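Chain by chain, the residues run as shown.
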Amino acid sequence: MAFREYKIGTRMFGIALGGSMMITLYMPSLTIYSVGVTETGLVKGLSYGHNSGFSYEDPFLQGKGKPLTVTIKKDPVTGADIDPVDAYVYVPGTPFPSAVRNPGILGTEVAALSADDGQVGVATSDEGAVFLVSRGDYEGETFPYIENASATRDWTAAAVLASAADTDKRHVGSGKTMFVREGCEVSYAAS
Amino acid sequence: MFKYLFAKNEDIPAGSAAVFFGFSSIIWFIIGTALGSFNAAKLAFPDFVTGSYMFAFGHMRQVHVMAVIFGWISMAFAMAFMYITPALGNTKLWSEKLGIWTCFNWNAGLSVALCLMWAGITSGREYTDFPWPIDLIILFAVLLPLGINVWMTIVHRKTQGIYTTNWFFGSAIFMLMIVVLVGNLPEYFSLTGLTEAYLTWWHAHNILGLWITPVAAAIAYYTVPKITGNPLYSHRIGHLHFWSVVVFYSTPAAHHLMSSPLPEWLKSFASVEGVLILVPAIAFVSNLLLTMTGKWHYFVDNIEIRFTITGVMLAIPLNMQGGFQQTRAINWYVHGTGWIVAHAHLALLGFSTFLEAAAVYYGLQTILRRKLYSLALANFHFWFLLIGFATYWISITIAGLIQGAAKIYEVPYIDVVIAEHPYMIARWVGGTMVFTGNVVWLYNMWMTARAGTPVPVGRLPHEIAYER
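All values reported here derive from a predicted model rather than from experimental measurement. Here the residue numbers are simple positions, counted from 1 along each chain's written sequence. Throughout, the order in which chains and ligands are written sets their labels, letters from A for the former and numbers from 1 for the latter. In view of the model being predicted, local features appear only for residues whose pLDDT reaches at least 70, and side-chain atom pairs are presented and counted only at 80 or more, with totals across whole chains, interfaces and linings using the full set of residues. To obtain the side-chain values, all non-hydrogen atoms of the structure were included, while hydrogens and water were left out.

Undergrad: Would you mind going over the overall build of chain B with me for this structure?
TA: Every helix listed is a DSSP run of H or I at least four residues long, and every strand listed is a run of E at least two residues long, numbered separately from the N terminus. On a plain count of helices and strands, chain B comes out with 17 helices and 0 strands. As a reference, a globule follows 2.2 Å times the number of residues to the power 0.38, and the radius of gyration itself is taken over C-alpha atoms. Scaling as 2.2 N^0.38, a compact globule of 468 residues should have a C-alpha radius of gyration of about 23 Å, and chain B matches this with 22 Å. Overall size of chain B, expressed as C-alpha extent along the three principal axes, is 65 × 45 × 40 Å. Here, residues are in contact when the closest pair of their heavy atoms is within 4.5 Å. For chain B, contacts bridging at least 24 residues in sequence account for 83% of all contacts bridging at least 6. The accessible surface values rely on the Shrake-Rupley method and a 1.4 Å probe; as for residues, cover is taken only from the protein chains in view. With an accessible surface of roughly 17500 Å², chain B has 71% of that area assigned to carbon and sulfur atoms. Two residue types count as positive, namely Lys and Arg, and two as negative, namely Asp and Glu; His and chain ends fall outside the count. To locate a charge, take NZ of a lysine, CZ of an arginine, CG of an aspartate or CD of a glutamate. Across chain B, 23 positive and 19 negative side-chain charges occur, with their mean positions spaced 13 Å apart.

Next comes the structure, spelled out in structure tokens:
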């Protein structure tokens, strides 16, 4: 008998493994891409920021390049009392999260609201920005969206940080990424 | 090892790479289980070693996991590749020098990576904890050379066909490279949220399903027929095993995230595919046990067969658990509890480890042409490993059921901690027994190399195990 080359088997292996990749990677990506993000998803995305572990900006995981979550109780511009709201503060140079870089991943409705009402498109990492999770209407339904408060309310990162007490600032991921992933946020003051 | 790194390939004795990988794997097993025992002690005795974040559980747990998977298990696999692949092709390893360089890169790289991780430099994603530059180094400096050596040895074989074991070996390395490359996409491109979670578990599932499980099984396809002298019961069932691994084991990644907002069709599909994993499992177990027909005395007499068949039989509860714990009803109860930790140890410390230990025992004796230094110490190793593992597995399974009940009935957390404390102590005792057995194993294999009785030409080590 001739030396076996397994040509058919090799092709079948390629088809089987390729088919598996298509079902478990490509097809879910289409479904996930087409679904709108939830409010929880926006909060997590904005509070965690771009880096979720080792990165060039923070090779020793010291919390560099991470946004701050700040609970605002007074309007940073006017000083008037407002209902407490969580703002996600990206000081200049802090890389924006995927949700801001590529709003298309948020789903059609949330992406449209974030772009039109939220004006996320005008935010730049070099200048920094303050983001909020707001709610708005799109074709008769209410959806959460990302609001670039630096553009819509003139809230700069510096003004927000100056107006809030240290106890209202939380720095997610400062040296304890794994714990933070379990939901145990580290206070900004402690870090 | 160092003298061979720059030697000519033809000047390096055949089997050198396998020997270096074999001893490396045992040493990493000792390191990994020492870390595991230390971590278990911290769970059993909360005041044990406090005050330094370097020794905090959160810093050390993943070092234990990665040391065991990429140190012990994967290096034992590499050893098997280095001597079984050429043996089944009736040829030599394509390049001993490449094998030795792979072993050197692997040990050096893993040491650096684990130290970095210990210091807290991590991707923060389970099973892909290494920062992505290290993942790429692993891919191109370890896995690719390993794959080239195995594939070229198969290509240059002197046999007409390729035995089932080498089907698994050749394909598993290729699949592992794909899994590592794709599974780290969230790090390369900073993917977050659901995509990150899914790819993390896609990677973790496939590390188990397309690397650890099939390669461990493939080793058994070699050791059992080789030692017993019986031919494999059925090559067709072996082929069924291979193809059903590729089709069924590569698809249920989403069953690790049954409570997540992943697409419902994906979770249902994964759950069904997860049950279908029983197809390769039954094929494997039945094929190996039937191969033992008429030779069951080896299960008592022969240390390698005892390890192998114990591993094969541990595949039964492993796959029964795996097939059903990921269905929605059961997963709702056991997800996030010690049950899953116990299941993971059943796969890695039970099923897989016993098969690899057999490969290392058999390989070192065969290549070094030395009879095992002490059968008594080997028996000590076997029983400490088996009893230690069983103690660990049973105690954490019970603790997991307690945690599951507490989760559903909303029992206060501190009450759960108190209730599971005895099982945490049992976990530590079991893990420490495994560690102790491994220290004895290293001594036994070291003495085998240094002072083992030479095996006469034409004989095999297991044939003279009881000859004085």
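Undergrad: Help me understand the layout of surface pockets, please; the structure alone is not making it clear to me.
TA: Once rolled over the atoms, a probe with the size of a water molecule shows which space is left empty. A pocket, in this scheme, is an open set of points on a 1 Å grid over the protein atoms alone with protein on both sides within 12 Å along at least 5 of 7 lines, while a cavity is a set where a 1.4 Å probe fits but cannot get out; residues line either one if an atom lies within 4 Å of a point. Grid points are joined across faces, edges and corners, and a volume is the space filled by probe spheres set on the points. Each pocket or cavity is described by its volume, and for the second largest pocket that value is around 620 Å³. Taken together, 21 residues line the second largest pocket, and the ones lying closest to its centre are E5, Y6, G9 and T10 of chain A together with I162 of chain B. If you list the elements that add at least two residues to the lining of the second largest pocket, you get α1 (7-34) of chain A together with α5 (132-155), α6 (164-183) and α9 (235-249) of chain B. In the scheme used here, Gly and all other residues not listed as nonpolar or charged are polar, with Ala, Val, Leu, Ile, Met, Phe, Trp, Tyr, Cys and Pro taken as nonpolar and Asp, Glu, Lys and Arg as charged. For the lining of the second largest pocket, the residue count by class is 12 nonpolar, 5 polar and 4 charged.

Undergrad: Help me understand α1 of chain A, please; the structure alone is not making it clear to me.
TA: Spacing of three or four residues puts side chains on the same side of an α-helix, whose turn is 3.6 residues. The span you would expect from a helix comes to 1.5 Å times its residue count less one. Its 28 residues give α1 of chain A an end-to-end C-alpha distance of 39 Å, which sits within 8% of 40 Å, the value for a rise of 1.5 Å per residue. The sharpest bend along α1 of chain A reaches about 35° and sits at M22 of chain A. The cut-offs for exposure are 20% and 50% of the maximum accessible area for each residue type, with area from a 1.4 Å probe on protein chains only; residues under the lower value are buried, those over the upper are exposed, and the others partly exposed. F13, A16, L17, S20, M21, T24, L25, P28 and I32 of chain A are the residues of α1 of chain A that are buried. Those residues of α1 of chain A that are buried are in contact with α6, α8 (193-228), α9 and α10 (264-276) of chain B. The angle separating two fitted axes, one through the seven residues that finish at a residue and one through the seven that start at it, defines the bend at that residue.

Undergrad: Explain the interface of chain B and chain A to me, please; I cannot follow it from the model alone.
TA: By convention, interface size is frequently given as the accessible area that disappears when the constituent parts associate. Taken together, the contact between chain B and chain A spans 41 residues of the former and 32 residues of the latter. Whenever a carboxyl oxygen of Asp or Glu lies within 4 Å of a side-chain nitrogen of Lys or Arg, that contact is scored as a salt bridge. Taken together, the links from chain B to chain A amount to 0 salt bridges. What qualifies as a polar contact is a pair of N or O atoms within 3.5 Å, subject to a donor-acceptor requirement within protein and to the restriction that residues adjacent in sequence count only when both atoms come from side chains. Counting the contacts that link chain B with chain A gives 8 residue pairs in polar contact (both at pLDDT 80 or more). Looking at the side of chain B that touches chain A, the elements with two or more residues in it are α3 (57-88), α5, α6, α8, α9 and α10 of chain B. Residue composition of the side of chain B that touches chain A, grouped by class: 24 nonpolar, 15 polar and 2 charged.

Undergrad: What am I meant to see in a nonpolar patch on the surface here?
TA: Like charges within 9 Å and nonpolar side chains (Val, Leu, Ile, Met, Phe, Trp, Tyr) within 5 Å are joined into patches, using only residues over 30% in relative accessible area that form no salt bridge. Together, M22, Y26, M27 and L30 of chain A together with W265 of chain B make up a nonpolar patch on the protein surface, roughly 480 Å² of accessible area in all. Ranked by the residues each element gives to the nonpolar patch, the list is headed by α1 of chain A, at 4 residues. Residue placement: M27 of chain A occurs in helix α1. Residue classification places M27 of chain A among the partly exposed positions, given a relative accessible area of 33%.

Take it as geometry only, folks, not as evidence of what the structure does.
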